[in-house]
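Observations on the three-dimensional arrangement
Each chain, letter by letter, is given below.
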Amino acid sequence: MTRHRPRAVALAAGLALPYIALKSYWAAGGRAGIANGFDLADEFRRNGAPTALIRLERHGVDFTAVLALTGVALALTLAVRPPQRPLPRRLLLATAWAGTLLIPYGLLTALLGALDRSPTAAPLTGWVVPAGAAAFVGIGTALGLAARAHRPATVPVCRA
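The notes below deal with the structure included here. As the structure is a computational prediction, the values presented were derived from the model and not from experiment. Numbers given for residues are sequential positions, taken from 1 along each chain in its written order. The predicted origin of the model limits local features to residues at a pLDDT of at least 70 and limits the giving and counting of side-chain atom pairs to 80 or more, whereas totals for whole chains, interfaces and linings rest on all residues. Excluded from the side-chain calculation are hydrogens and water; included are all heavy atoms of the structure.

What about a nonpolar patch on the surface?
A cluster of nonpolar side chains, namely Leu108, Leu111, Leu112 and Leu115, defines an oily patch on the protein surface of about 400 Å² accessible area. Inspection of the secondary structure assignment puts Leu115 in helix H7 (residues 102-115). Grouping into patches uses exposed residues only, defined as over 30% relative accessible area, and leaves out salt-bridged ones; the cut-off is 9 Å for like charges and 5 Å for nonpolar side chains (Val, Leu, Ile, Met, Phe, Trp, Tyr). Only the protein chains shown count as cover for residues, and all accessible areas are computed by the Shrake-Rupley method using a 1.4 Å probe. For this analysis, a salt bridge means a side-chain nitrogen from Lys or Arg found within 4 Å of a carboxyl oxygen belonging to Asp or Glu. Under the scheme used here, helices are H or I runs from DSSP no shorter than 4 residues and strands are E runs no shorter than 2 residues, and both carry numbers assigned from the N terminus.

Now the structure itself:
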């Protein structure tokens with residue numbers, strides 16, 4: 001692993017911090033960036049979210065912020081942990097590689113946010129979509145960089 005890789009992973013993961021802070025602020029009752037009358041827990045309920053997630057949202061815990069924080073922690077763990085140490089490698093690497101799917105999701109979110117010119121009042125203000133898109137791309141990139149750096153040292157050598 002190159003010595004610059006952990007810094008690149010940390011920088012990419014840092015793109016998620018505004019999103020985590022914003023979603024935690026909203027779950028705690030903050031209203032910045034949300035149109036008047038919009039309630040996230042009610043939106044979760046309308047979209048069929050499980051009751052447990054709605055209850056968490058009502059009590060100040062946003063599950064997407066927790067998932068984003070988990071992705072950042074996984075990326076940083078893979079980036080700084082020496083590959084020689086025992087880890088459930090296949091599970092961690094499979095999870096990290098799957099997390100790279102957040103990159104196209106973030107890019108699509110940014111594209112759709114840029115193309116949305118509807119005159120109707122949106123529930124989120126203009127700066128929220130770029131923060132979310134940056135978080136998705138950042139977490140996906142961090143997971144991809146960390147998994148790529150960790151993988152070559154963890155592949156068993158064929159001794160045949």
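Thoughts on the side chain of Thr100
Structurally, Thr100 is set in the loop between helix H6 (89-99) and H7. Relative accessibility thresholds used throughout: buried, under 20% of the residue-type maximum; exposed, over 50%; partly exposed, between the two (1.4 Å probe, protein chains only). Judged by its relative accessible area of 18%, Thr100 falls in the buried class.

Section: the packing of helix H1 (residues 5-14) against helix H5 (residues 63-80)
Orientation of H1 relative to H5, taken along the N-to-C sense of each, is 175 degrees, at an axis distance of 9 Å. Taken together, the axes of H1 and H5 lie roughly antiparallel to each other. Judged by residue contacts, Pro6, Val9, Ala10 and Ala13 of H1 engage Val72, Ala75, Leu76, Ala79 and Val80 from H5. Of the residues assigned to the contact of H1 with H5, the class counts are nine nonpolar, no polar and no charged. To get an axis, a line is fitted to the C-alpha atoms, and for a helix only the part in contact is used. The angle between two axes follows their N-to-C directions and goes from 0 to 180 degrees. Note on terminology: angles under 35 degrees are roughly parallel, angles over 145 are roughly antiparallel, angles of 65 to 115 are roughly perpendicular, and the others are oblique. Residue contacts are counted whenever heavy atoms from the two residues lie within 4.5 Å of one another. Note that Gly is not counted as nonpolar here; it falls among the polar residues with everything else outside the nonpolar set of Ala, Val, Leu, Ile, Met, Phe, Trp, Tyr, Cys and Pro and the charged set of Asp, Glu, Lys and Arg.

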